[in-house]
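Fold and contact review
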Amino acid sequence: MPWALLKYGFSRRYPARVDIPPPQALRPSYDVVIIGGGGHGLAAAYYLAREHGIRKVAVLERGYVGGGNTGRNTTVIRSNYISPEAVRFYKKGVEMYQGLAGELGYNLLYSRRGQLTLAHTEASLRTFRLRAEVNRHLGVRSRMVDLEEIRDLVPCLNLSRRVRWPVLGGLWHADGGLARHDAVPWGYARRAVELGVEVHQRTEVTGILRSGNRVTGVSTSRGELSCGHVLQAVSGMSSVVAAMAGLRLPIRSFPLQAMVTQPVKPFLNPLVSSASLHAYVSQTARGELVIGGGSDPYSLYSTRSTLELKESLIAGVLGLFPFLHELRLVRQWAGITDMTPDYSPIMGHTPLEGYWLDAGWGTWGFKAIPVAGQSIAQAIATGRVPELIRPFALDRFYSFNLSNEAGATAASH
Ligand SMILES: Cc1cc2nc3c(=O)[nH]c(=O)nc-3n(C[C@H](O)[C@H](O)[C@H](O)COP(=O)(O)OP(=O)(O)OC[C@H]3O[C@@H](n4cnc5c(N)ncnc54)[C@H](O)[C@@H]3O)c2cc1C
């Protein structure tokens, strides 16, 4: 490796490696077409090729790889959910992240930090106790912590009693972590392309072709093509794209904003979140503070940032760390998040044969990229939906089998 580096350093040219080759012509037909070149679509493409030998796969992305929510999120990776089905699913996701950089040969800057969720009310303490029990029962490292332990975990946290929402206790999740958001789709795209998958950027799907009750292909901004299966993985555009297939989804779309400060010396190792203050914060390897909160309160397809959200996030974070009051904000941004009524995703079959969904990822889908990609690839390749994702089928909304994660999702992502 040092020799290669030396050779590269002394060479006259510095040829940049092209990870994702520029668009080639679309073929007339594919085994599987994936709509959406975010983390979920690319992970599914990679696992189809790698684990099932299905390589005649096209990922169609209307913009650029990772330009959707995967490149906009705050990268919280955790598994301390509340329903057993969600805990099992996200636990596998966290485990997969731990070995993912090695598998993809791509530095994802994954770092395990632990996550501290703060309780400011008796009701939160009760819910946290339940979460800790469910988590521990399923092998997830999660437990209640008192103020003394919180002081050890985050020494500079404001634990004064003379504030509007004093901290009463917390839920400590040792497996919580972070990764570099856009490295994840880049890593999957590079490996998928090496395995023969085609990734077509700037290719928008404009219609779904069907014959009777079976999908037969898609129309795109670059022409029509036929295929055996279509996987829809378009995050904030789920309802819009599903409508092209004649499907109505139980989803409403809301903007979700986040922001980042100038870098400061490292002082915060764990991720800290508070549902009562509607804010969470983590410090990146570069020293910036990444700050997020809940979705905007109205349904909208817009990625503008608002002053109201900025003010409320800042108020929340300063409640926890008052000494940050002179820090400068560098950027604020938003993505569109698709929220289901039970705050759980939708994965699997649809009433249209051959048309698969990987949707409803709301504010929590980054951590699920590897496990969702692998599971949905297995479902498409074998025709059998894996046990792990069966609870998240679309038909749960018709059979009243919801998987309620509202409490465990609020301002923790
Ligand atoms: C501010 C913010 C913070 C978040 N924080 C977290 C967090 O901390 N932890 C966590 O787990 N999750 C978080 N999330 C959620 C997470 O980012 C998403 O759930 C996840 O990235 C979804 O990935 P995806 O691949 O499904 O979607 P995306 O990355 O959005 O990819 C979908 C792609 O589909 C493309 N597309 C749409 N329509 C078409 C079409 N017609 N034709 C072709 N392509 C199309 C889009 O251009 C897009 O690139 C956050 C989200 C936001 C916005």
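A short tour of the structure in this document, coming up. The structure presented is a predicted model; accordingly, all values stated were derived computationally and were not measured.

Quick notes on the nonpolar core
Ranked by size, the top nonpolar core spans 108 residues in total, and within it Val-33, Ile-34, Ala-45 and Val-57 carry the most contacts. For this core, the domains that each give at least three residues are domain 1 (25-73 + 182-250 + 342-409) and domain 2 (112-176 + 253-339). With near-sequence residues (within four places) excluded, Val-33 lies in contact with Ala-58, Leu-60, Val-218, Leu-225, Cys-227 and Val-230. Core analysis: the next-biggest nonpolar cluster, separate from the first, contains five residues, Phe-254, Leu-256, Ala-334 and Tyr-343 among them.

Here's the deal with the sheet that holds strand 4 (residues 115-119)
With respect to topology, eight strands assemble into an open sheet ordered 5-6-4-13-14-15-12-16, the strand pairing being mixed. Edge positions in the sheet fall to strand 5 (142-145) and strand 16 (329-339), since each of these pairs with one other strand and no more. Put simply, the sheet's adjacent strands are angled 20° from each other on average, direction ignored. For strand 4 and strand 13 (residues 271-274), the ladder comprises four bridges, and the chain directions are parallel. When the sheet's bridge partners are listed, Gln-115 is paired in strand 13 with Leu-271. Relative to strand 15 (residues 289-295), helix 8 (residues 307-320) is tilted by about 120°, and along the sheet it contacts strand 12 (252-261), strand 13, strand 14 (279-283), strand 15 and strand 16.

Some words on helix 3 (residues 84-104)
Helix length check: helix 3 (21 residues) gives 29 Å between terminal C-alpha atoms against 30 Å at 1.5 Å per residue, within 8%. Against the buried residues of helix 3 lie helix 4 (122-137), helix 6 (183-194) and helix 9 (369-382). Positive phi shows up at Gly-105, right after helix 3, with a value of about 65°.

Brief notes about the site of the ligand
The environment of the ligand is made up of 40 residues, and the closest members are Gly-38, Gly-68, Ser-235, Gly-335 and Gly-365. Contributions of two or more residues to the shell around the ligand are made by helix 2 (39-52), strand 12 and strand 16. The dominant element in the shell around the ligand, judged by the number of residues it contributes, is helix 2, at three residues. Of the residues assigned to the shell around the ligand, the class counts are 13 nonpolar, 22 polar and five charged.

Thresholds applied
- Within every chain, residues take consecutive numbers counted from 1 along the sequence as written.
- Totals for whole chains, interfaces and linings use every residue, but because this is a predicted model, local features are given only for residues with pLDDT of at least 70 and side-chain atom pairs only at 80 or more, for both listing and counting.
- Remark: nonpolar core denotes a set of buried Ala, Val, Leu, Ile, Met, Phe, Trp, Tyr and Cys residues whose joining runs through C-beta atoms within 7 Å.
- The burial criterion counts other C-beta atoms lying within 10 Å of a residue's C-beta, which is placed from the backbone; the residue is buried at 20 or more, exposed at 12 or fewer, and partly exposed between these limits.
- Source of the domain bounds: an automatic or database domain assignment.
- Two residues qualify as a contact pair if the distance between their C-beta atoms, derived from the backbone, is within 7 Å.
- Two strands are said to pair when DSSP picks up at least two bridges between them.
- In this text, helices come from DSSP runs of H or I with a minimum length of four residues, and strands from runs of E with a minimum of two, each type numbered from the N-terminal end.
- Interaxial angle, 0 to 180 degrees, is taken between N-to-C directions of lines fitted to C-alpha atoms, where a helix line uses only the stretch in contact.
- Under the convention used throughout, the expected extent of a helix is 1.5 Å for every residue step, that is, one less than its residue count.
- As used in this record, a residue near a molecule or strand is one whose C-beta atom, placed from the backbone, is within 6 Å of it.
- Under the grouping applied here, Gly and all other residues not named as nonpolar or charged are polar, the nonpolar ones being Ala, Val, Leu, Ile, Met, Phe, Trp, Tyr, Cys and Pro and the charged ones Asp, Glu, Lys and Arg.

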